[in-house]
Amino acid sequence: MNQDPKHNPASETKPVDEQYRVLVIDDEPSICWAFETLFASQGHQVVTASSAEEGFQLACQTPPDLVLLDVRLPGQSGLELLPKLKQQIGNCPVIVMTAFGDLETAVAAVKRGATDYLTKPFELQQVKQVCDAALRSSFDAELKKPTIDRSQRGKLIGQSAAMQQVFRQIALVAQSDLSVLITGETGTGKELVASAIHLHSHRAQAPYLPIAPVALNPELIESELFGHIRGAFTGAETDRVGLFEMAHGGTVMLDEIGDLPMNIQVKLLRVLEHGEFMRVGDTETRHADVRVLAATNCDLRKAMAEGKFREDLYYRLSGLQIHLPPLRGRKDDLNMLARHFFSQVSQADPQQAMDDDLCSQLAERNWQGNIRELRNAVEHAAVVSRGRTMTLQDFPDPMDETIGDEETSGTLDDVVNQWIDSLLADDETADLQSQLIRRFEPLLIKKVLISTKGNRAAAAERLGIHRGTLREKLRSYQMDND
Ligand SMILES: Nc1ncnc2c1ncn2[C@@H]1O[C@H](COP(=O)(O)OP(=O)(O)OP(=O)(O)O)[C@@H](O)[C@H]1O
């Protein structure tokens, strides 16, 4: 069974001319009718929705091969829906329709993941061309990928006693509606465990929505989670459905639960205890049929002792706790994981490409960023080694060594110049700009955090970025191990 929630089987297995499932989200019946007629004449199946919310539900129930999404919809707009829809349906192309055709809407749509856009009114012939091109390119994109065993993507791997215990816990808890608290350092697989629980539960056909509240605008977290009604606050021009309503019948996974603001903790407790919530500004109590999974890499007991996390919420959430130990504590898994990640990006024999000596050398490393760091390192080495047996030199330096080793006597210009020269010496190196940022940004963040004695809010202020952005950066640089 594939455990990747973003996996879209429909777009991977169908030849271009076969029957497709097309989802049209538009509140104008005449537009829906026109699409139904057009696609039905080509033998495709069309489902229609008159609102963003209904469209999202349909997309979650059965993944479409193509979505046509109107920008102007009652309630949530098409542009608002787009990122969540893309998260749910992965590579499936989405064509956005707008009556205005202004550049800003088009740019916003493409930024949020639209494959193309159509300006109303449109010629059906033009629609056909755009849709055919979108379907063809998504199919071609799948074909161009190396032939790897994608059935293994998103699969939880592990043979250590600790992972066997995790598998047992997942199996035991999946069928119940119990809340699960998943703990472990960054990159240990908490999100993967949560999606495995959902996929093995009776909710598997309903939406699975992983949310990191810390990445949301703090002013809008409540509205994002629970929705709002028109006029609830400045800018709330229409009613809006929140994530808990969108996930109806399914599972919500709250990542970094330790960062949830106190006022939202109270509301979450009400959902967990009574299955009830209210949209912001509303007086009507709504019912939530949602299973809640939560993950954290911080010590919630400490947060409780400091008065930052509610005790009642902690006990309610941790109906069962699954702890994922750091990779350095389960080196039995390392060979298996490394070869697994290699086989995801290369057709070569993983056993040959990564011999036992190399695996033992890799096991000596600290793997501060855990399995995420290992995956990135193996993918990097697979590219650098270009098919030959890999050596330790093909691997990037360990994260714990690259951060903070810049004590140097040269001027900043000298150091940067040397580094750029080393990159330019390798004709194959691309993405120079992003490599530069990834090389130096962690140093800046580290120094700033030291200067603020670890206070992230103050560090974010000093850096001039939002605290959620800082958290994301720390995570992506695998510096988030407190
Ligand atoms: N046991 C495992 N088998 C295979 N892949 C794994 C395993 N554990 C983690 N991974 C992979 O490692 C990466 C990080 O995993 P994941 O995002 O689930 O970690 P996390 O603990 O949720 O991290 P964070 O706390 O930073 O959000 C992902 O690419 C995931 O697929």
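Residues numbered from 1 in each chain as written. Predicted model: local features only at pLDDT ≥ 70, side-chain atom pairs only at ≥ 80, totals over all residues. Heavy atoms only, no water.

1. Considerations on the UniProt feature "modified residue: 4-aspartylphosphate" (unreviewed entry) in the protein chain
- Taken from the UniProt record, the annotation "modified residue: 4-aspartylphosphate" (unreviewed entry) applies to Asp 70.
- As for its position among the elements, Asp 70 is in strand S3 (residues 66–70).
- On the basis of relative accessibility, which here comes to 4%, the residue Asp 70 falls in the buried class.
- When sequence neighbours within four positions are dropped, the list of residues in contact with Asp 70 reads Ile 25, Asp 26, Asp 27, Gly 78, Met 97 and Lys 120. (UniProt positions renumbered as here; feature names shortened; annotations may be inferred. Helix = DSSP H or I, 4+ residues; strand = E, 2+ residues; numbered from the N terminus. Buried < 20%, exposed > 50% of the residue type's maximum accessible area, 1.4 Å probe, protein only. Contact = heavy atoms within 4.5 Å.)

2. What about the sheet that holds strand S1 (residues 21–25)?
- The strand order across the open sheet built from 5 strands is S2-S1-S3-S4-S5, with neighbouring strands paired in parallel fashion. Only two strands of the sheet have a single neighbouring strand rather than two, namely strand S2 (45–49) and strand S5 (116–119). On average, each strand axis in the sheet is tilted by 20° relative to the strand beside it, whichever way the strands run.
- Relative to S2, S1 runs parallel, the two being bridged by 5 bridges. The residue bridging Leu 23 from the neighbouring strand is Val 47, located in S2.
- Along the sheet face, helix H3 (residues 52–61) touches S1 and S2 and points at about 165° away from the line of S1.
- In this fold helix H4 (residues 78–89) packs onto S1, S3 and strand S4 (94–98), with an angle of close to 165° to the strand it touches most, S3. (Pairing = 2+ DSSP bridges. Axes fitted to C-alpha atoms, helices over the stretch in contact; angles between N-to-C directions.)

3. Comments concerning helix H21 (residues 456–463)
- Taken as a whole, H21 has its buried residues at Arg 456, Ala 459 and Ala 460. Taken down its axis, H21 places every buried residue within 100° of arc, on the same side. More than 90 degrees from the buried face of H21, the exposed residues found are Glu 461 and Arg 462.
- Next to the buried residues of H21 lie helix H20 (432–451) and helix H22 (467–476).
- Backbone geometry just downstream of H21 places Gly 464 in the positive-phi region, at approximately 80°. (Arc of directions from axis to C-beta.)

4. Some details on the site of the ligand
- Neighbouring residues of the ligand: 19 residues in total, closest Ile 157, Thr 186, Gly 187, Lys 190 and Arg 375.
- Between Lys 190 and the ligand, the recorded distance is 2.7 Å, taken from a side-chain N or O atom to an oxygen atom.
- Bound to the protein, the ligand loses 91% of the 630 Å² it would expose on its own.
- Along the lines of polarity and charge, the residues of the shell around the ligand split into 7 nonpolar, 4 polar and 8 charged. (Near = heavy atom within 4 Å. Polar contact = N/O pair within 3.5 Å; in protein donor to acceptor, adjacent residues only side chain to side chain. Areas by Shrake-Rupley, 256 points an atom, 1.4 Å probe, with all protein chains shown as cover. Nonpolar A, V, L, I, M, F, W, Y, C, P; charged D, E, K, R; others polar.)

5. Some points on the packing of helix H14 (residues 332–345) against helix H16 (residues 356–363)
- At a minimum axis distance of 10 Å, the contact between H14 and H16 shows a crossing angle of 115°. As judged from the angle between their axes, H14 and H16 are roughly perpendicular. In this structure, H14 meets H16 at a crossing whose hand is right-handed. From H14, Leu 334, Asn 335 and Arg 339 reach across to H16, where they touch Asp 356, Cys 359, Leu 362 and Ala 363.
- Taken together, the residues of the contact of H14 with H16 break down into 4 nonpolar, 1 polar and 2 charged. (Parallel < 35°, antiparallel > 145°, perpendicular 65-115°, else oblique. Left-handed = near helix turned anticlockwise from the far one by under 90°.)

6. What to know about the pattern of salt bridges
- Evaluated as defined, the whole model comprises 24 salt bridges.
- Taking the shortest distance from any N to any O, the salt bridge between Glu 441 and Lys 473 comes out at 3.1 Å. Here the residue Glu 441 occupies a position in helix H20, and Lys 473 occupies one in helix H22, the gap between them amounting to 32 residues.
- For Lys 473, a relative accessible area of 23% puts it in the partly exposed group.
- Here Glu 472 ties to Arg 475 by a salt bridge, and the two come within 4.0 Å at their closest N and O atoms. Of this pair, Glu 472 and Arg 475 both sit in helix H22, 3 residues apart, which is roughly one turn of that helix. (Salt bridge = Lys/Arg side-chain N within 4 Å of Asp/Glu carboxyl O.)

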